[in-house]
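Residue-level structure breakdown
Letter by letter, the chains look like this.
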Amino acid sequence: MIRFVLNSERIDLEMDRADLTVLEYLRERRHLKGTKEGCASGDCGACTAVLAEVEGAALVYRNFNSCITFAGSLHGKQLITVEHLAQGGRLHPVQQAMVDHHGSQCGFCTPGFVMSLFCLYKFPRPASASRDAETCREFLAGNLCRCTGYRPILDAAHQVINDPQQDHLDRASQLTIEQLSEIGTCCHQAGGFYLPDNAQQLARLKHDMPDARLLAGGTDLALEVTQQLKDLGKLIYLGNVRELTEVRETDEEIEIGAATTLVRLDELLGATYPELSALLKRFGSRQIRNVATVGGNLANGSPIGDLAPVFMALDARITLQGTGGLRTLPMDGFFRAYRKTALRDDEFILSVTISRPPEAGQLKVYKVSKRIDDDISTVCLACLITLRDGRIGRCRLAFGGMAEKTERARNTEHALAGNRLDASTINLARAALSRDFQPISDVRASARYRLQVAGNLLERMQLELSGCEFPIRIGSL
Amino acid sequence: MSRGTVHPEPVATGRALAHDSARKHVSGDALYVDDHPPLARQYHACIGTSPIAHGTLDFMDLAPVHNAPGVVDVITANDIPGSVDIGPVFPGDPLFAERTIEYLGQPLFAVAATSQKLARQAATLALVRTTEAEPVLDLDMAIAREFHVRPPHRMQRGDVPYNLEHAVHRIRGVMRVGGQEHFYLEGQVSLAIPGEDGGMTVHTSCQNPTETQKLVAQVLDLPMNHVDVVTRRMGGGFGGKETQGAAWSCIAAVLASRTGIAVTCRLSRRDDMIMTGKRHNFRNDYDVGFDDSGRITAIRYRLAGQCGYSPDLSDAIVDRAMFHCDNAYYLPHVMIDGLRCKTHTASNTAFRGFGGPQGMIAMETVIDEIAFSLGKDPLEVRKTNFYNTSDRNLTPYHQAIGHFNIPEIIGQLEETCDYRNRREAIRRFNASSPILKKGLALTPVKFGISFTVTHLNQAGALVHVYTDGSIHLNHGGTEMGQGLMIKVAQIVAEEFKVPTERIVVSATRTDKIPNTSPTAASAGTDLNGMAALNAARKIRSRLVEFLSDRYKVPQREIAFTAQGVRTGDRTLGFEEVVRQAWLGRVSLSATGHYKTPGIHYDRETASGHPFFYFANGAAASEVVIDTLTGEHRLLRTDIIHDAGASINPAVDVGQIEGGFIQGLGWLTSEELKWDPSGKLLSDSPATYKIPAIGDTPPVFNVRILENRPNEEATVYRSKAVGEPPLMLAISAWCAIRDAIGAATDHSTFPKLNAPATPEEVLRVIREIRRPS
Ligand SMILES: Cc1cc2nc3c(=O)[nH]c(=O)nc-3n(C[C@H](O)[C@H](O)[C@H](O)COP(=O)(O)OP(=O)(O)OC[C@H]3O[C@@H](n4cnc5c(N)ncnc54)[C@H](O)[C@@H]3O)c2cc1C
Ligand code: FES
Ligand code: FES
């Protein structure tokens, strides 16, 4: 039985299907029709709902896409839907702000926006008001609206973050916390949905049920259900596995559990690696980042996964666990071919480890996509580079989107290392790039564009590292 | 105040009232078709489609579909009781392909099952055998082969060959502009509920309930009076639910009538993107002559629209492109050929602007190129070519421009956006910025209002006043987010001088308002607002007559005011008047009808007066491009738009901003791609990118032109505002070109196509820098 709180009601849900999505549950089983389906692929935000979890002594609210989240992962959490925000005929402040600013036209995107606004409202406001615009955008970039052009919604967002008040959810929070602690996290199985709470149990389940799929955030996996119409009979949920959700820090390294979400990853590493932080802010949307995990991004083995280039540039190590125990690989040995990784059938990713203190050098990260927000990379470059007296020392360059898997650009690295950081070196590196990669043409871009842009990104890196006087990134204007 | 000549202040019109459903939108209480309260039994439909773009359907084995879990019925073209063709204007749109297949994704059969998922899974199980024929997938190939869905049409005035021949300067060019997926947030959906006598009630998200009623009746072989179509609201339409909202209703209705159980047909996002048509992409060729000042002396256009496999609305759409390839400029000698090219792709259809944008962008390209060739600021060349209302006032279709407020708008905008200083600041920025380049453009929009198919310019409405003074309002227009219902409610409220809260607007229903036109052509308020006004006026004059009789007061001394109905010396509450009138056996219900006066167009001579009036506006946009990746961002946009005397400024500003951003998506990030077999690759929001919140410019100043009521007698002197603002986004696209010019030392005119994706921007820069 999956136990959770739906708005204020305690729910005990029999799982007749492991792959029941939260959206199906809400709309078809509960007839709660406020939450909409616009795409069923995590891209539009019409289905946005909110999860509340107890952290410390308080509730933390996170928006997510209910269309690609499986109901089993609700266990131990409060699920909040748009129906819960207004109370006794009084709109919630975020709803009232949307009305006051004329933030809805056809209204179909509106419940989703309201839920994202609600999370923005609950989010501790950044210290500096100059970051307000960024914060608003960060919370709302995963909600598409085809009607308004967004301006009134942004106005509503600015208003609500400037006027926080206690709401009925705050007043009920003690009650909710009690409800949730009654449930606890301990539930190991509900129908075909398995919730191990340690790595050993996980290893055993994986061994006993080779046909079961591992489920972390589900932001890749659920598309197999909603887009490819597959039935996933058995799911093993990683979100409760202690070793996978932990972060272990020593003086030499930081070991990040595979089920660490991307929002959490940003909190962990963002300050050390600002360019990773900037990348993470453009990884999917807030809804995606709240649930999507490090392990999922890597295990998926996609050539356009955004973390792989960064981890390769940082020379991270990936630890896999299986019946045979643990083994650790360098990140650039993990990917084998298009969507093929070194993972054996009985293995899962336990963690990713990065050296500390950070290696000497600078981490540069560039993501190029058709749309700034919530778009998959056409090309993604991550590079760790050291400089001495205008010469390049070590440099580790990894590209996404340039080959069937994320890959180091060895020839290019070679062309750069030891040479002066100037235009002529970059030209040599450009030539080397075309030996490293023969990219393909696809729906996102042509091979020619990819190759040209990859070379141009090297140029941008050179200009930036040489401390040029002129502006060089659009975002800096 | 003297009696009898009172002009009470408006109580409802001109006010920035919230959308009538705003509170329901934000609380999740607004019901869309798929939110219909659960029925005791209900099936779900899914459609099986063609795997090839062109060829014949030889054989289908549907047994595996039938035998799949949950399946209750499977239908093909052979199972349609009535007519299979549902072409809206011309035949050519079979509900299911019978033998000839004309696009990849064309419906072949439909399955009904007990759940949506089971229906979708079952639909993948059909064994389909086809014989492939060579498809025409490419617009250029269709042009070369003269492969058309409808014959070409020509508009002309003056002597073009001679004046081109003798022009001081002459430029020939080609520009291409892409299509656009509607991406209404709510996909296509219909719910058919079988009723008595074989009848059917259909709840649907569509812009044209009457057309749906007619087609469902035809498909079921029933008279129209057996079918009721209900549309409460759409989660966006944008033209994509004008004709192409009907098929799903027909399919649901056939399945519902066969099973006797209600059937929902809701397309998945991918099916929606693959099966339904989009905005037409165009190839626009031009040959223009002009003098040293940049003034156009003659121009010849060939506008070729890619229509897809069937005519649908393409005749009128390509016509509208032709009607707008003058935009705001006088073309002394002009010849325009419009081609309706056929390809084996989904049938392209209405999309906000209806071809107008594709024509207008050709004109703005020509202006830019003239300015470039003369080394002038494009804004100067724009001004040089504007229409006036005296000697340069004749359009290519021989309608004289009677009122022209674009110079005024441009003048104001140039001031308020600080065009001159910013042009200079941008020049300085670019001089010191080798990688990032900025660009600026200020472009006008002049858009003709009315359906160019004359008979569609009519509407009906129904107003009931109940004995408690509450008012029920219906009209033929549908609500898709554009605020039509609140605007029409404001109009009716104004007539009775009551608060709009007193009025309930309910679903659009064919059993209440028959024989309606689609809600389209921006004409929703113009037409339905007038029809509702006429209905309300009938009731009002009955009330006046009654009061005059009853209180022996001359009719001219009776006035509706916010305080009540002034009747001579006394003022009666509206409820009281209504109650008394009812007791006095006065009818408190009326229908209203309206037809737009004075419009006509003769396609034989390509001349007439197709537009009642023009809606105008202008936008100035500043962009920055990254010459290393082609990425770009809109930094600032200023807009002044002419909405006449706005009935609801909040709603109108919403249309302006929303239209602009939608146009921005069309011209910058929304790219449709097919593979060589005709399969749509950009078939989901993961690969088709409409603007997100970060694409809204950080500085976005939008203003409605003040104190300019419509010169034509429209409802409360307002102007249509649904479509025109989309074209304001051309300013952003031209600004990108301006920035590319700066990146390439203004050495060659940047032959930018649309959408100006990062890849397209980089392509143009590359071609200029390294001519091959
Ligand atoms: C709208 C949208 C936007 C997106 N944007 C981006 C983007 O900008 N950049 C990007 O890189 N990706 C993007 N993605 C893809 C996806 O969000 C990421 O790949 C994400 O990190 C996957 O993590 P997850 O936890 O959701 O994985 P899941 O979907 O849970 O799992 C993915 C796969 O990995 C397996 N798996 C998960 N964890 C483990 C483990 N510990 N050990 C072994 N196998 C495991 C699962 O079995 C599954 O096969 C986007 C997806 C969506 C829907
Ligand atoms: S429905 Fe679009 S993100 Fe869930
Ligand atoms: S209001 Fe229609 S999609 Fe946002």
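Counting of residues starts from 1 at the beginning of each chain's written sequence and follows it residue by residue. Chains and ligands are labelled by the order in which they are written, letters from A for the one and numbers from 1 for the other. Under the rules for a predicted model, residues below a pLDDT of 70 receive no local features and side-chain atom pairs below 80 are neither given nor counted, while totals for whole chains, interfaces and linings still include all residues. Excluding hydrogens and water, the side-chain values take into account all heavy atoms of the structure.

A word on the pattern of salt bridges. All names here are of chain B. Each reported salt bridge corresponds to a side-chain nitrogen of Lys or Arg within 4 Å of a carboxyl oxygen of Asp or Glu. Within this structure, the stated rule accounts for 104 salt bridges over all chains. Here Arg154 ties to Asp337 by a salt bridge, and the two come within 2.7 Å at their closest N and O atoms. With Arg154 in strand 7 (residues 148-157) and Asp337 in strand 15 (residues 333-342), this residue pair connects regions lying 183 residues apart in the sequence. The cut-offs for exposure are 20% and 50% of the maximum accessible area for each residue type, with area from a 1.4 Å probe on protein chains only; residues under the lower value are buried, those over the upper are exposed, and the others partly exposed. Classification of Arg154 as partly exposed rests on a relative accessible area of 38%. For Asp337, a relative accessible area of 11% gives the class buried. Glu186 is the partner of Lys241 in a salt bridge, and the nearest nitrogen-oxygen pair spans 3.3 Å. A residue pair is termed long-range when its members are at least 10 positions apart, and Lys241 in the loop between strand 11 (227-231) and helix 7 (246-259) and Glu186 in the loop between strand 8 (169-177) and strand 9 (189-194) qualify at 55 residues. Of the two residues examined, Lys241 and Glu186, each falls in the buried class. The structure contains a network of salt bridges with shared partners spanning Asp377, Glu380, Lys383, Glu414, Arg420, Arg423 and Asp738. A helix here means a DSSP run of H or I that spans at least four residues, while a strand means a run of E at least two residues long, and both kinds are numbered starting from the N terminus.

Right, let's talk about the packing of helix 17 (residues 649-668) of chain B against helix 18 (residues 730-743) of chain B for a bit. Residues and elements named next belong to chain B. At a closest axis distance of 8 Å, the pairing of helix 17 and helix 18 adopts a crossing angle of 40 degrees. The angle between helix 17 and helix 18 places the two elements in the oblique class. Here Phe660, Leu664, Leu667 and Thr668 of helix 17 lie close against helix 18, whose contacting residues are Ile730, Ser731, Ala732, Trp733 and Ile736. For this scheme, ten residues count as nonpolar: Ala, Val, Leu, Ile, Met, Phe, Trp, Tyr, Cys and Pro. Four count as charged, namely Asp, Glu, Lys and Arg, and the remainder, Gly too, count as polar. Partitioning the contact of helix 17 with helix 18 into residue classes produces seven nonpolar, two polar and no charged. Angles here are taken between N-to-C directions and fall from 0 to 180 degrees, while the axes themselves are lines fitted to C-alpha atoms, restricted in helices to the stretch in contact. In this scheme, roughly parallel covers angles under 35 degrees and roughly antiparallel covers those over 145, while 65 to 115 is roughly perpendicular and the rest are oblique. Here, two residues are considered to be in contact whenever any of their heavy atoms come within 4.5 Å of each other.

Moving on: the domain arrangement of chain A. Residue and element names in this part refer to chain A. For every domain, the bounds stem from an assignment made automatically or drawn from a database. Split into domains, chain A comes out as domain 1 (2-183) and domain 2 (362-469). Each of domain 1 and domain 2 has a C-alpha centre, and these two points are 39 Å apart. Taken together, the contacts link five residues of domain 1 with four residues of domain 2. Remark: the boundary between domain 1 and domain 2 carries one salt bridge. Between Arg137 and Asp373 there is a salt bridge, and its shortest N-O distance comes to 3.2 Å. Definition of a polar contact: a pair of N or O atoms within 3.5 Å, with one able to donate and the other able to accept a hydrogen when the atoms are protein atoms, and with sequence-neighbouring residues admitted only if both atoms are side-chain atoms. For the interface between domain 1 and domain 2, the tally reads one residue pair in polar contact (both at pLDDT 80 or more).

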